[in-house]
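# A look at the structure
Listed here are the chains, written in short residue letters.
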Amino acid sequence: MHTGETITQFISKEQRRISGASGDFTALLNDVVTACKYISSAVNQGALVGVLGTASSENIQGETQKELDIISNDIFLKSNEWAGHLAGMASEEMDDVYEIPSEYPKGKYLMLFDPLDGSSNIDVNLSVGSIFSILHCPSGVTDPKAKDFLQPGTKQVCAGFALYGPSTMLVLTTGNGVSGFTLDQNVGEFLLTHPNMKIPADTQEFAINMSNQRFWEAPMQRYIDECLAGTTGARDKDFNMRWVASMVAEVYRILTRGGIFMYPADTKDPSKAGKLRLMYEANPMGFIVEQAGGLCSTGRERILEIQPEGLHQRIPVILGSQNEVERVISYHRDA
Ligand code: AHM
Ligand code: MG
């Protein structure tokens, strides 16, 4: 039985490293953790509590929402709006910034989140997760607008994700490495089970949606062709492939045993620069991956350095083991 450090103890210790920290950040993360526990419970009970299926609404990106997308979004809002740590929130499921209701105090942080990533997996009982990114609210701003959230990923104070899989896990970085916690369902606490997670620099495992192959740019075609050729091609080694269609599950696998994950630009819908969203998918995952020794790029630039232009901006994402991501970047350079 594991009786190690709880996530609350861990966060409190992290906060002591920051001079002048007031305890706000620990309290904020506690609320995020509570939201993830509620969502974990809803996901876990599924059809027993009637939360599966498709809702009659679409989100800002024109995607049909699942019942659990909406429920999870609500859980995130309600768990985090009341305590006075946040000045505003933004989510994949809401068109505009969520203002903290006037009956509550406002705080010094901003939070962006994807309450239920990979939700196409919900009805087929595969892994899904929640992703979050915490920023400082610009000084002097008490009523943040979208422009106040549009800070490059390098400005993130904290990023994390919960993975609702066979175990519920929470993975976190505050810029001092990456830590993984497992939810002990009996005790109701996340316990530190994976300290100092590191991504091996080399890998023979790639993850990409191969059905989009004919829509990719030449550098991606070249990289994947070489992986598929295995020992008969330029790479002289065989590769394995995985595609869960749930970024949280793919990133967790990469943190555990290495790998490269790609959702590149494609010409399927010329109005979209990629599928994944910069502010609440690519940036938090990029922060975590880099803190674990990996890389995160569009193929042309480091994602964390991109100046965001919109809350729901899309971006090509290539992340994971350092040497493979560097190779994909070099193919883009060659092209
Ligand atoms: P979502 O936020 O609407 O769930 O979309 C993001 C998900 C990622 O988790 C995953 O990597 C990708 O979409 C899968 O896309 P596809 O269905 O095109 O393979
Ligand atoms: Mg998502």
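Further up the page is the structure itself.
Attention in this report is confined to the structure presented alongside it. (Residues numbered from 1 in each chain as written. Chains lettered and ligands numbered in written order. Predicted model: local features only at pLDDT ≥ 70, side-chain atom pairs only at ≥ 80, totals over all residues. Heavy atoms only, no water.)

## Focus: the overall build of the protein
Just so we agree on the cut-off: Every helix listed is a DSSP run of H or I at least four residues long, and every strand listed is a run of E at least two residues long, numbered separately from the N terminus. Both definitions apply: the radius of gyration is a C-alpha atom measure, and the globule rule equals 2.2 Å times residues to the power 0.38. We call two residues contacting when some pair of their heavy atoms lies within 4.5 Å. Surface accessibility follows the Shrake-Rupley procedure with a 1.4 Å probe radius. Residue values consider only the protein chains on display as shielding. This count recognises Lys and Arg as positive and Asp and Glu as negative, with His and chain-terminal groups excluded. Every charge is mapped to an atom, namely NZ of Lys, CZ of Arg, CG of Asp or CD of Glu.
Secondary structure summary: the protein contains eight helices and 15 strands in total. Over its C-alpha trace the protein gives a radius of gyration of 19 Å, about what one expects of a compact globule, namely 20 Å for 335 residues. A principal-axis box enclosing the C-alpha atoms of the protein has dimensions of 65 × 50 × 45 Å. Expressed as a percentage of contacts within the protein between residues at least 6 apart in sequence, the contacts between residues at least 24 apart total 64%. Accessible surface computed for the protein: about 14100 Å², of which carbon and sulfur atoms make up 48%. Of the side chains in the protein, 28 bear a positive and 41 a negative charge, and the two mean positions are spaced by 4 Å.

## Here's the deal with the sheet that holds strand E4 (residues 98-99)
Counted only if it meets this: When DSSP finds two or more bridges between a pair of strands, those strands are recorded as paired. Helix axes use the C-alpha atoms of the stretch in contact, all axes being lines fitted to C-alpha atoms, and the angles between their N-to-C directions lie in the range 0 to 180 degrees.
Spatially, E4-E3-E5-E6-E7-E8-E9-E10 is the arrangement adopted by the eight strands of the open sheet, whose pairing is mixed. Both outer strands of the open sheet, E4 and strand E10 (189-194), are each paired with one neighbouring strand and no more. Against the sheet, helix H3 (residues 67-80) contacts strand E3 (86-91), E4, strand E5 (109-117) and strand E6 (128-136), and its axis sits at roughly 155 degrees relative to E5.

## Remarks on the pattern of salt bridges
What counts, and what does not: Salt bridges, as used here, are contacts in which a Lys or Arg side-chain nitrogen is within 4 Å of a carboxyl oxygen on Asp or Glu. Whether a residue is buried, partly exposed or exposed follows from its accessible area with a 1.4 Å probe, protein chains only, as a fraction of its type maximum: under 20%, in between, or over 50%, in that order.
Evaluation of the coordinates by the stated rule reveals 16 salt bridges. One salt bridge connects Glu92 with Arg277, and the closest N-O pair in it is separated by 3.5 Å. Of the two residues, Glu92 sits in the loop between E3 and E4 while Arg277 sits in the loop between strand E13 (260-263) and helix H7 (278-291), which places them 185 residues apart along the sequence. When sorted by exposure, Glu92 lands in the same class as Arg277, which is buried. Across the pair Glu281 and Arg277 runs a salt bridge, and its minimum N-O distance is 3.1 Å. For the pair Glu281 and Arg277, one class covers both residues: buried. When salt bridges with common partners are traced through the structure, they connect Glu205, Glu250, Arg253 and Arg257 into a single cluster.

## Quick word on the side chain of Thr203
For clarity, the cut-off: Contacts described as polar in this section are N or O atom pairs within 3.5 Å, which, within protein, must combine one atom able to donate a hydrogen with one able to accept it, while residues neighboring in sequence count only if both atoms come from side chains.
One can find Thr203 in the loop between E10 and strand E11 (205-207). A distance of 3.1 Å separates the side chain of Thr203 from the backbone nitrogen of Glu205, its partner in a polar contact. Not counting the four nearest positions on each side in its chain, Thr203 is found in contact with Lys237, Phe239, Gly258, Gly259, Ile260, Ser321 and Glu324.

## Brief notes about the site of ligand 1
Inclusion rule: Residues are counted as near a molecule or strand when any one of their heavy atoms sits within 4 Å of it. We call Asp, Glu, Lys and Arg charged. Ala, Val, Leu, Ile, Met, Phe, Trp, Tyr, Cys and Pro are nonpolar, and the rest, Gly among them, are polar. How far each domain reaches was decided by an automatic or database domain assignment.
Of all residues adjacent to ligand 1, which total 17 residues, the nearest are Asp117, Gly118, Asn209, Met247 and Tyr263. In the model, an oxygen atom of ligand 1 is placed 3.2 Å from a nitrogen or oxygen of the Arg277 side chain. Here ligand 1 has 470 Å² of accessible area as a free molecule, and 86% of this is covered by the chains. The set of elements that each furnish at least two residues to the shell around ligand 1 consists of E5 and E13. Among the residues making up the shell around ligand 1, the classes are represented as six nonpolar, four polar and seven charged. Two domains share the shell around ligand 1, each providing at least three of its residues, namely domain 1 (7-194) and domain 2 (205-334).

## Re the nonpolar core
Put simply, the rule is: Only buried residues count toward a nonpolar core. Its members are Ala, Val, Leu, Ile, Met, Phe, Trp, Tyr and Cys residues joined through side-chain atoms within 4.5 Å.
Counting 45 residues, the largest nonpolar core has Phe161, Leu255, Phe261, Met285, Val317 and Leu319 as its most contacted members. Here this core takes eight residues from H7, the largest share from any one element. Three or more residues apiece are contributed to this core by two domains, here domain 1 (7-194) and domain 2 (205-334). With residues near it in sequence (within four places) discarded, Phe161 still touches Ser130, Ile131, Phe132, Met169, Leu170, Val171, Val248, Val251, Tyr252, Leu255, Met285 and Ile288. Within the second largest apolar cluster, 41 residues are counted, among which are Ile7, Val43, Tyr98 and Leu170.

## Thoughts on helix H2 (residues 24-45)
Residues separated by three or four positions in an α-helix point in the same direction, a consequence of the helix having 3.6 residues per turn. Convention followed: Any helix carries an expected span of 1.5 Å times its number of residues minus one.
Over its 22 residues, H2 runs 32 Å from end to end, which matches the ideal 32 Å to within 8%, given 1.5 Å per residue. Looking one or two places after H2, you find Gly46, whose phi comes out positive at around 45 degrees.

## What to know about the environment of Arg235
Take Arg235: it is sitting in the loop between helix H5 (218-229) and strand E12 (240-241). Residue Arg235 is classed as buried on the basis of its relative accessible area, which comes to 11%. Those residues in contact with Arg235 that sit more than four places away from it in its chain are Tyr223, Glu226, Gly230, Glu324 and Arg327. Among the polar contacts listed, one links the side chain of Arg235 to the side chain of Glu324, at a separation of 2.7 Å.

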